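Take a look at the letters that make up each chain.
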Amino acid sequence: MEDRSAPGALFIAFEGVEGAGKSTQIKLVANELRGVGIEPVVTREPGGTRAGEAIRAVALNREIDLDPMAELLLMLAARSVFVREVVRPAYDAGRIVLTDRYELSTFAYQGGGRGLSLDSIRELNHLATGGLRPDLSLILDVDVDQGRARQARGAADRIEGEGLDFHRRVAQAYRELAYSQPDVALVDGREEIERVFAAVWGVLNSRFPETFPPREG
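For every chain, the first residue of its written sequence is number 1, and the numbers climb from 1 along that sequence. pLDDT decides what is reported in this predicted model: residues at 70 or higher carry local features, side-chain atom pairs at 80 or more are listed and counted, and totals for whole chains, interfaces and linings draw on all residues regardless. To get the side-chain values, all heavy atoms of the structure are used, and hydrogens and water are removed first.

Peer 1: Explain the overall build of the protein to me, using residue names and the numbers behind them.
Peer 2: A helix here means a DSSP run of H or I that spans at least four residues, while a strand means a run of E at least two residues long, and both kinds are numbered starting from the N terminus. Regarding its fold elements, the protein presents eight helices and five strands. Beginning at the N terminus, the succession of helices and strands in the protein can be written as β-α-β-α-α-β-α-α-β-α-α-β-α. Computed over the C-alpha atoms, the radius of gyration of the protein is 17 Å, within 12% of the 17 Å expected from 2.2 N^0.38 for a compact globule of 217 residues. For the C-alpha atoms alone, the extent of the protein along its principal axes is close to 50 × 35 × 30 Å. For the radius of gyration, the atom set is restricted to C-alpha positions; the globular benchmark scales as 2.2 Å times the number of residues to the power 0.38.

Peer 1: Residue-level account of the packing of helix α3 (residues 68-92) against helix α5 (residues 118-129), with values.
Peer 2: Only the stretch in contact is used when a helix axis is fitted, and all axes are lines through C-alpha atoms; the angle between N-to-C directions ranges over 0 to 180 degrees. Here α3 crosses α5 at 30 degrees, and the two axes come no closer than 8 Å. The angle between the axes of α3 and α5 places the two elements in the roughly parallel class. Seen along the crossing, α3 lies across α5 with a hand that is right-handed. On the side of α3, the interface is formed by L72, L73, L76, R79, S80, V83 and R84, while α5 contributes I121, L124, N125, L127, A128 and T129. For the contact of α3 with α5, the class distribution of residues is eight nonpolar, three polar and two charged. Oblique is the label for every angle not falling under 35 degrees (roughly parallel), over 145 degrees (roughly antiparallel), or within 65 to 115 degrees (roughly perpendicular). In this scheme, a crossing is called left-handed if the near helix is turned counterclockwise away from the far one by less than a right angle; it is called right-handed if the turn is clockwise. Contact between two residues is taken to exist if any of their heavy atoms lie within 4.5 Å; hydrogens are not considered. Classification used: nonpolar for Ala, Val, Leu, Ile, Met, Phe, Trp, Tyr, Cys and Pro, charged for Asp, Glu, Lys and Arg, polar for all others including Gly.

Peer 1: Outline the side chain of D135, listing residues and values.
Peer 2: Within the secondary structure, D135 sits in the loop between α5 and β4 (136-141). The cut-offs for exposure are 20% and 50% of the maximum accessible area for each residue type, with area from a 1.4 Å probe on protein chains only; residues under the lower value are buried, those over the upper are exposed, and the others partly exposed. Among the residues examined, D135 registers a relative accessible area of 14% and is labelled buried. We define a polar contact as two N or O atoms separated by no more than 3.5 Å, with the added condition that, inside protein, one atom must be a possible hydrogen donor and the other a possible acceptor, whereas residues neighbouring each other in sequence contribute only through side-chain atom pairs. Of note is the side chain of D135, whose polar atom sits 3.4 Å from the side chain of Y91.

Peer 1: Could you give an account of the sheet that holds strand β5 (residues 184-188), with specific residues and numbers?
Peer 2: What makes two strands pair is DSSP finding at least two bridges between them. The sheet built from five strands is open, its strands ordered β2-β3-β1-β4-β5 with parallel pairing. Only two strands of the sheet have a single neighbouring strand rather than two, namely β2 (41-44) and β5. Neighbour-to-neighbour, the strand axes of this sheet turn through a mean angle of 20 degrees, independent of strand direction. In this sheet, strand β3 (residues 96-100) lies alongside strand β1 (residues 10-15) in parallel orientation, the contact comprising five bridges. Looking at β3, one finds that F14 is bridged to D100. Across the face of the sheet, helix α7 (residues 164-180) comes into contact with β1, β4 and β5 while running at roughly 125 degrees to β5.

Spelled out as structure tokens, the structure:
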């Protein structure tokens, strides 16, 4: 990561297709950290700020038709605010940031799913973030059909409502990212919640043992 800041600071992103279980695992990790006296910053992206939530509402609105480039630029506008208002201040203060989605979502959804140039996305993402990257991105890998079945019933947002082929391209893009980047870990998210959590914590413990100690029991 560029411009590393205060000792103890960590930026960890949870990634995956719809219904992968990201929010559940973030909640479990946050609770475990609190048990050892660490209060993490828990957030989401796009969102996490007033401007970001407003942009999210537009980007995911089923009633608004967006071309892939417009969608990408909205996501990156939200991310720019997110980095400067949430992640960078917390990181500079030595906090642990746990976010539901970050840059890999853009590479997977707008790159793999929409077919935009990954090189162009990376360049624009770097501009939006100032080069701030997660210390670790955890991808919860589930079958697209399983993920969709896990989602709460009700109206899907604009991206959730895309067809199976789109979501399968996203899932494949995530797997390719996991295999090509050392700061990305792929975790089998198909198991029951506690077993997935044990695997997630095991990855965190292996990467950052001073912050994520072995669990008892």
